Amino acid sequence: MGAGKSTLGAALAEQLGRPFVDVDGEIEREEPIARIFETGGEVAFRLRESKHALDALGSPTPAVIALGGGAVGTDQIRKALRARALTMLVEIDAEEAWRRVAGQRPLAQDEAAFRTLYDQRQPLYDNAADARTADLDGAVLAAGGVHVEPGALERLGELVPAEGQVEIVSDARVAGIYGMDVQLALGARARAVHELAPGEQAKTVESLEALWHALRLERSGTLVALGGGCTTDVAGFAAATYFRGIDWVAVPTTLVGQVDAAIGGKTAIDLPDGKNLVGSFHWPVRTVIDAVTLETLPEEELANGRAEVVKTGLLAGEPIWELPPGEQVRRAAAFKTALCLRDPHDHGERAQLNLGHTFAHALEAAADYALPHGRAVALGLLAALRLSGLETKVVEETLRPEPVRVDRDAAWAALARDKKVVDGTPRLVLLEAPGAPRVGVEVPSADVRAALDALIAN
Ligand SMILES: NC(=O)c1ccc[n+]([C@@H]2O[C@H](COP(=O)([O-])OP(=O)(O)OC[C@H]3O[C@@H](n4cnc5c(N)ncnc54)[C@H](O)[C@@H]3O)[C@@H](O)[C@H]2O)c1
Ligand SMILES: [Zn+2]
């Protein structure tokens with residue numbers, strides 16, 4: 001009571017693109033809650049509440065539902081929650097709750113009675129809650145199965161939801177740093193660590209095939225992917241295909257992984273013809289983000305992630321790059337999680353994540369992939385901002401993009417091959433303003449070519 005479930009629920013529903021049902025609001029529309037209490041007492045209220053809550057929980061349309069604070073006291077509602085819902089506890093302490101609702105609700109008339117009720121309900125909440133949150137980003141992250149907590153690696157045993165056996169996939173470098181910790185945290189459930197070659201070499205058919213052969217999991221098993229985007233891409237695709245799909249948990253250890261690659265359920269390997277050409281959508285049952293792992297990440301890898309943080313900030317219209325590092329990760333991860341939950345199969349607005357990337361991919365291809373992705377994205381963002389007619393200072397100051405020495409014609413040819421070029425006209429993601437992306441904007445070829453040329457050093 002008083003935790004702000006109605007406000008948070010409505011905001012969450014909007015973030016997830018789902019309808020919102022406020023059970024107390026539905027009851028109130030029938031008859032004022034205060035009057036129900038006066039005439040029929042709490043019993044009458046609980047009956048009405050059950051009806052509305054069970055209707056909402058039984059509906060085939062997925063929705064965000066706000067339940068009154070006493071609803072979990074009803075056995076049938078608890079059962080329906082367990083069967084049908086991801087239940088989130090919105091945390092608030094008794095002090096603050098009383099301050100917000102004192103005298104305004106039938107069960108908040110007397111402070112001592114209110115506190116007793118609060119204490120009585122806690123165990124019920126603890127039991128019903130699949131996740132806890134105090135804010136909107138926390139709710140979005142929980143909805144996407146994303147757990148952000150410094151030190152989470154040590155608690156991986158509790159955070160990997162599986163009952164069955166677990167095998168770990170990691171690259172040789174990350175396995176050397178965190179493999180033992182993760183095995184210890186998973187305890188007896190952890191059976192094997194499969195090592196991939198570090199970096200993009202892992203994303204090949206051969207390396208995936210070797211992984212398929214090495215896996216010994218049963219269908220109820222869970223694959224844990226520990227590493228950067230290359231590891232989570234291959235391991236996620238292995239999980240998507242092994243026995244036609246088993247559960248997997250992503251444990252991203254790079255900034256790119258934590259704000260981008262391990263979120264949203266895209267998995268892929270490369271073909272000689274191009275990157276990420278074969279893959280699948282297979283959402284991890286959980287993504288565990290531990291900022292502590294970034295302490296061992298080399299500076300050039302951090303820089304790759306920073307470019308994605310700036311991209312996310314431009315899309316969100318918030319200077320996310322100015323937040324303290326841990327909060328940057330949480331905010332950027334929440335932004336991508338919400339976007340991907342609204343558009344899980346990339347049929348619509350998710351395309352905005354390509355901001356700056358058409359240029360970046362062209363430069364990377366022209367450089368034979370010797371150009372770090374973050375450096376390419378920094379340049380791509382610069383071009384996207386220029387074509388949007390917007391200030392480029394943010395990108396210049398935070399990412400310090402430097403023009404690259406690549407062949408201009410090769411870069412242009414690569415851009416023209418991009419799947420976003422239709423009938424010779426590039427379709428770009430641009431910004432009307434920070435926070436207001438537009439996807440599929442047709443830009444005259446000559447303007448795009450000039451913008452690309454400006455990123456290349458003579
Ligand atoms: N699936 C998606 O939605 C998505 C999104 C963005 C990027 N990606 C993919 O992600 C890949 C890039 O991922 P990346 O940038 O994380 O690279 P990466 O996985 O190659 O990791 C970079 C390097 O850092 C090392 N490393 C990782 N974590 C470390 C740590 N904590 N300490 C020390 N070293 C560590 C790795 O061994 C590797 O050498 C690309 O293949 C890209 O296509 C996928
Ligand atoms: Zn990128």
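To be clear, the structure that these remarks concern was listed above.
A brief look at the structure comes next.

Now for the coordination of the zinc ion (ligand 2). Coordination of the zinc ion (ligand 2) by the protein involves Glu308 (OE), His357 (NE2) and His373 (NE2), with metal-donor separations of 2.0 to 2.1 Å. Spacing between the donor residues of the zinc ion (ligand 2) along their common chain follows E-x48-H-x15-H. Here Glu308, found in helix H13 (residues 299-316), pairs with His373, found in helix H16 (residues 373-387); they are 65 residues apart in sequence, far enough to count as distant. You can call His373 partly exposed: its relative accessible area is 23%.

On to the pairing of strand S11 (residues 274-281), then. Across five bridges, the pairing between strand S10 (residues 266-271) and S11 is antiparallel. Bridging from a neighbouring strand, Leu271 pairs with Gly274 of S11. Linking S10 to S11, which pair antiparallel, is a turn of two residues.

One way to put it is that helix H3 (residues 33-58) packs onto helix H4 (residues 75-84) with a least axis distance of 10 Å and a crossing angle of 10°. As the angle between them shows, H3 and H4 are arranged roughly parallel. Of the residues in H4, those touching H3 at Glu49, Ser50, Ala53, Leu54, Leu57 and Gly58 are Gln76, Ile77, Ala80, Leu81 and Arg84. Here the residues of the contact of H3 with H4 are counted per class, giving six nonpolar, three polar and two charged.

What surrounds ligand 1 is a group of 27 residues, the closest being Asp171, Gly229, Thr253, Thr254 and Thr296. Cys230 is positioned such that a nitrogen or oxygen atom in its backbone is 3.0 Å from an oxygen atom of ligand 1. With respect to ligand 1, the backbone of Thr293 contributes an N or O atom lying 2.9 Å from a nitrogen atom. Considering ligand 1 on its own, with 880 Å² of exposed area, one finds that the protein chains cover 88% of that surface. Contributions of two or more residues to the shell around ligand 1 are made by helix H9 (172-186), helix H11 (229-241), helix H12 (255-261) and S11.

A sheet is described by the order of its strands in space; here three strands give the open sequence S13-S14-S15, paired in antiparallel fashion. The sheet is open, and its two borders are formed by strand S13 (421-422) and strand S15 (436-442), each paired with just one other strand.

Counting residues in each nonpolar core, the largest one holds 62 residues, and the members touching the most others are Leu314, Phe359, Leu363 and Leu452. The leading source of residues in this core is H16, at nine residues. Of all hydrophobic cores here, the second largest spans 21 residues; its members include Ala202, Val234, Trp248 and Ala262.

Under the counting rule described, the total for this entry stands at 35 salt bridges. The shortest N-O distance in the salt bridge between Arg48 and Glu31 comes to 2.5 Å. Placement of the pair is Arg48 in helix H3 and Glu31 in the loop between helix H2 (23-30) and H3, with a sequence separation of 17 residues. Between Asp126 and Arg132 there is a salt bridge, with the nearest N and O atoms lying 2.5 Å from each other. Given the relative accessible area of 43%, Asp126 is considered partly exposed.

Quick look at the sheet that holds strand S5 (residues 146-148) now. Read from one edge to the other, the open sheet built from six strands follows the order S5-S12-S9-S8-S6-S7, with strand pairing classed as parallel. Edge positions in the open sheet fall to S5 and strand S7 (190-196), since each of these has one partner strand only. Here the average twist between neighbouring strands, direction ignored, is 20°. Direction of pairing for strand S9 (residues 247-252) relative to strand S12 (residues 286-289): parallel, over a ladder of two bridges. By the bridge assignment for S12, Val249 is matched with Arg286.

A separate point is the pairing of S7. A regular strand carries its side chains on alternate faces of the sheet. Two elements, strand S6 (residues 166-171) and S7, share six bridges in a ladder whose sense is parallel. Looking at the pairing, Val169 lines up with His194 of S7. Handedness of the crossover joining S6 and S7 through H9: right-handed.

Attention shifts here to the environment of Val21. Within the fold, Val21 resides in strand S1 (residues 20-22). When its relative accessible area of 21% is taken as the criterion, Val21 is described as partly exposed. Taking the C-alpha atoms as reference, Val21 lies 9.4 Å from His52; in sequence the two are 31 residues apart. Ignoring any residue separated from it by four or fewer positions in sequence, one finds Val21 in contact with Glu26, Ala56, Ala63, Val64, Ile65 and Ala66.

The sharpest bend along H9 comes to roughly 60°, located at Tyr178. The complete set of buried residues in H9 reads Val174, Ala175, Tyr178, Gly179, Val182 and Leu186. The N-cap residue of H9 is Asp171: its side-chain oxygen and the backbone nitrogen of Arg173 are 2.9 Å apart. At the C-terminal side of H9, Gly187 shows a positive phi close to 65°.

This part covers the packing of aromatic side chains. The final tally for this structure, using the stated rule, is three aromatic pairs. Ring plane angle 45° and centroid distance 4.5 Å describe the contact between Tyr242 and Phe243, whose orientation is recorded as tilted. For Tyr242, a relative accessible area of 12% gives the class buried. Take Phe243: its relative accessible area is 39%, and that puts it in the partly exposed class.

Attention now moves to the side chain of Asp270. Along the chain, the position of Asp270 falls in strand S10. Residue Asp270 is classed as buried on the basis of its relative accessible area, which comes to 11%. Within the structure, the side chain of Asp270 is placed 2.9 Å from the backbone nitrogen of Asn276, a separation counted as a polar contact. Apart from the residues within four sequence positions on either side, Asp270 is in contact with Glu200, Lys203, Thr204, Lys275 and Asn276.

Calculation criteria
Residues numbered from 1 in each chain as written. Chains lettered and ligands numbered in written order. Predicted model: local features only at pLDDT ≥ 70, side-chain atom pairs only at ≥ 80, totals over all residues. Heavy atoms only, no water. Donors = N, O, S within 2.8 Å, 3.2 Å for Na, K, Ca; no water. Helix = DSSP H or I, 4+ residues; strand = E, 2+ residues; numbered from the N terminus. Buried < 20%, exposed > 50% of the residue type's maximum accessible area, 1.4 Å probe, protein only. Pairing = 2+ DSSP bridges. Axes fitted to C-alpha atoms, helices over the stretch in contact; angles between N-to-C directions. Parallel < 35°, antiparallel > 145°, perpendicular 65-115°, else oblique. Contact = heavy atoms within 4.5 Å. Nonpolar A, V, L, I, M, F, W, Y, C, P; charged D, E, K, R; others polar. Near = heavy atom within 4 Å. Polar contact = N/O pair within 3.5 Å; in protein donor to acceptor, adjacent residues only side chain to side chain. Areas by Shrake-Rupley, 256 points an atom, 1.4 Å probe, with all protein chains shown as cover. Core = buried A, V, L, I, M, F, W, Y, C linked by side-chain atoms within 4.5 Å. Salt bridge = Lys/Arg side-chain N within 4 Å of Asp/Glu carboxyl O. Right-handed = clockwise from strand over helix to strand, strands pointing away. Bend = angle between axes of the 7 residues up to and from the residue. Phe/Tyr/Trp six-rings, centres within 6.5 Å; stacked < 30°, edge-to-face > 60°.

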